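# Summary of structural features
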Amino acid sequence: MRALAVAAMALLVVSSGCGGASSSGAERRSREHLSTDLRKAVTTAGMQAHLVALQRIADANGGHRAAGTAGYNASVRYVRTQLTRAGLRVRLQSFPYVRFSVDLVRGQQLAPAERDLAPRAFEYSGSGKVRGEVVAAGDGCQSGDFGGDVKGRIALIRRGSCFFAVKAANAARAGAAAAIIFNNEAGPLSATLVEPGIGMPVVGVTQQVGSTLAGATVEVEVRARTVRTTVQNVIADSPRAGRAPTLMVGGHLDSVTAGAGIDDNGTGVAALLELAEALQRLEPRHHVRFGFWGAEESGLHGSRAYVRVAANRRAVSGYLNFDMLGARRYTRGVYRGPFAYVFERYFAAHGLRSETIDISGRSDHASFDDVGIATGGLFSGGDPCYHQRCDRIPNVNLRGLDELADAAAHGIALLEPR
């Protein structure tokens, strides 16, 4: 199925004037002109204004814009208003969501010496208090990583190689009473298990703490709650577009509960809003659909809800994802895949170095990739404030955001179906 989608998009690119022998010079020039005009229309000042608005929303709603909260709902209203004012046809897609909240998380090493582990509860961790010996279990990606001595004890798992949910499920099946997952790089660790049901405490600690825990006696406690609710995606199309395949571009709208999420992913949202407004003004009959996804941080729930609808899948010829475009020490990361060459050639033509990356299933492109839709995207690299309170406006590198937004504009101009 994926091969068919890639072949279809390759045919689309060739027939649209992106280097194929059958493309007309006039069509090529038209797309090049659209690329130039879009890049001029998408301004740093415009994107910064959207970032300020998202920061204000977070500040007014407990410091974050997490899915299922008032901050997220206010973000939906803001995006919907901006798109409607720009002249796009906007609809909201609702989907069921289980919101997770933590009342207490703590971890204490009791022996051979006492110390605070400063753990963070994984989203959808089970609740409970566990005291026991810590048993090393490698990266926890295989059932064989857990020996018989882990039963009733606390599994110590290294980050890497597979999804956190797989690690936690393997530990639970081996009889562990709790799991501690430690980072493989500097900084704290918090992430999602995607859905509830693990039934035991699962917490993250720093690399420094975790690398010395094997054999220690530790007490871990998590008190958490889940609430069933509804979350919305925001979808926007040109009302003047005729029937045609649609290039879809998108990024997630939610933040984590730890902070406002201005790089992650206010920057993608800001770029998408500027692109939508500019494209609608310059080419009102365009065939580009914009998606702002809910609950990405909890496991790509919004984009997965979108592609579950057969009519949505049939309408989309390809998908570009823009997630974290303004890291402070930015790189020009290009998703590996069928559209990578579009961005790589753009950066090279402008004397800018790019890096082809593989971020696997870690953002919303994975939902489209899983159903055979060709995907691509941009990413600005590691962020020292990733999933932390300091992910605010001062954390954003506006130069990097401007460069990646220009590349996004170019990709849309070249790949939009005609």
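Here the structure is a predicted model, which is why all the values come from computation and not from measurement.

Time to look at the overall build of the protein. Helix and strand content of the protein: 12 helices and 14 strands. Its C-alpha radius of gyration of 22 Å places the protein within 12% of the 22 Å reference for a compact globule of 418 residues. C-alpha atoms of the protein, sized along the principal axes, occupy 75 × 45 × 40 Å. Counting every position in the protein, which comprises 418 residues, the buried fraction comes to 56%. In the protein, of all internal contacts separated by at least 6 residues, the share reaching a separation of at least 24 is 77%.

Let's shift gears to the confidence of the model for the protein. Taken as a whole, the protein shows an average pLDDT of 93; of its residues, 93% reach a score of 70 or greater. Across residues 1-23 the pLDDT falls below 50, and counting only partners more than four positions away or on other chains, this stretch makes 34 contacts in the model.

Counted under the stated rule, the structure contains 14 salt bridges. In this structure, Arg 159 and Glu 185 form a salt bridge, with 3.9 Å as the shortest nitrogen-oxygen distance. A residue pair is termed long-range when its members are at least 10 positions apart, and Arg 159 in the loop between β5 (154-158) and α5 (164-173) and Glu 185 in the loop between β6 (178-182) and β7 (202-205) qualify at 26 residues. Taking relative accessible area as the criterion, Arg 159 reaches 24% and is therefore assigned partly exposed. Judged by its relative accessible area of 44%, Glu 185 is partly exposed. Note that Arg 289 is salt-bridged to Asp 237, the shortest N-O span being 2.6 Å. With Arg 289 in strand β10 (residues 288-293) and Asp 237 in strand β8 (residues 217-237), this residue pair connects regions lying 52 residues apart in the sequence.

Our focus in this paragraph is the packing of helix α3 (residues 44-59) against helix α7 (residues 262-282). Axis separation between α3 and α7 bottoms out at 9 Å; the angle between their running directions is 130 degrees. Considering their axes alone, α3 and α7 lie oblique with respect to each other. Crossing angle aside, the handedness with which α3 passes α7 is right-handed. Along its contact with α3, which presents Gly 46, Met 47, His 50, Leu 51, Leu 54 and Gln 55, the element α7 presents Ile 262, Gly 266, Thr 267, Val 269, Ala 270, Ala 271, Leu 273, Glu 274 and Glu 277. Class assignment of the residues belonging to the contact of α3 with α7 gives a composition of 8 nonpolar, 5 polar and 2 charged.

In this section: the pairing of β10. The buried count for β10 comes to 6 of 6 residues, which makes it a mostly enclosed element. The alternating pattern of β10 places Val 288, Phe 290 and Phe 292 on one face and Arg 289, Gly 291 and Trp 293 on the opposite face, and all of these are buried. Where β8 lies against β10, 3 bridges are found, and the strand directions are antiparallel. What sits directly across from Ala 236, in β10, is Phe 290. In terms of strand pairing, strand β9 (residues 246-252) meets β10 through 6 bridges, oriented parallel. Counterpart to Met 248 in the pairing with β10 is Arg 289.

Counting 106 residues, the largest nonpolar core has Phe 290, Phe 292 and Leu 378 as its most contacted members. If we ignore the near neighbours within four places in the chain, the residues touching Leu 378 are Asn 321, Phe 322, Asp 323, Leu 325, Gly 333, Val 334, Tyr 335, Phe 343, Phe 347, Leu 404, Ala 407 and Ala 408. Residues Ile 235, Val 307, Phe 368 and Ile 373 belong to the second largest nonpolar core, which totals 9 residues.

What follows concerns the state of the cysteines. Disulfide: a covalent bond formed between the sulfur atoms of two cysteine residues. Scanning the model with the defined rule gives 2 disulfides in all. At a sulfur-sulfur separation of 2.0 Å, the disulfide partner of Cys 141 is Cys 162. As the torsion about the S-S bond is roughly -95 degrees, the Cys 141-Cys 162 disulfide counts as left-handed. Taken together, the positions of Cys 141 in the loop between β4 (128-136) and β5 and Cys 162 in the loop between β5 and α5 put the pair 21 residues apart, joining distant regions of the chain. Of the residues examined, Cys 141 reaches a relative accessible area of 13% and is grouped as buried. On the basis of relative accessible area, Cys 162 is assigned to the partly exposed category, the value being 23%. Disulfide pairing places Cys 385 opposite Cys 390 at an S-S distance of 2.1 Å.

Turning to the packing of aromatic side chains, a few remarks are in order. This model, assessed by the stated rule, comprises 8 aromatic pairs. Their ring planes at 55 degrees and their centres at 6.5 Å tell us that Trp 293 and Tyr 319 sit as a pair that is tilted. Of the two residues, Trp 293 sits in strand β10 while Tyr 319 sits in strand β11 (residues 316-322), which places them 26 residues apart along the sequence. In this pair, the class of Trp 293 matches that of Tyr 319, namely buried. Summarising the aromatic geometry, the rings of Tyr 346 and Phe 347 are spaced 5.6 Å apart at their centres and angled 65 degrees between planes, so their arrangement reads as edge-to-face. Judged by relative accessible area, Phe 347 falls into the buried class, the value being 0%. One aromatic cluster is present, built from ring pairs that chain together Trp 293, Tyr 306, Tyr 319 and Phe 368.

Cut-offs applied
- Residues numbered from 1 in each chain as written.
- Predicted model: local features only at pLDDT ≥ 70, side-chain atom pairs only at ≥ 80, totals over all residues.
- Heavy atoms only, no water.
- Helix = DSSP H or I, 4+ residues; strand = E, 2+ residues; numbered from the N terminus.
- Rg over C-alpha atoms; globule rule 2.2 N^0.38 Å.
- Buried < 20%, exposed > 50% of the residue type's maximum accessible area, 1.4 Å probe, protein only.
- Contact = heavy atoms within 4.5 Å.
- pLDDT = per-residue confidence, 0-100.
- Salt bridge = Lys/Arg side-chain N within 4 Å of Asp/Glu carboxyl O.
- Axes fitted to C-alpha atoms, helices over the stretch in contact; angles between N-to-C directions.
- Parallel < 35°, antiparallel > 145°, perpendicular 65-115°, else oblique.
- Left-handed = near helix turned anticlockwise from the far one by under 90°.
- Nonpolar A, V, L, I, M, F, W, Y, C, P; charged D, E, K, R; others polar.
- Pairing = 2+ DSSP bridges.
- Core = buried A, V, L, I, M, F, W, Y, C linked by side-chain atoms within 4.5 Å.
- Disulfide = S-S within 2.5 Å.
- Phe/Tyr/Trp six-rings, centres within 6.5 Å; stacked < 30°, edge-to-face > 60°.

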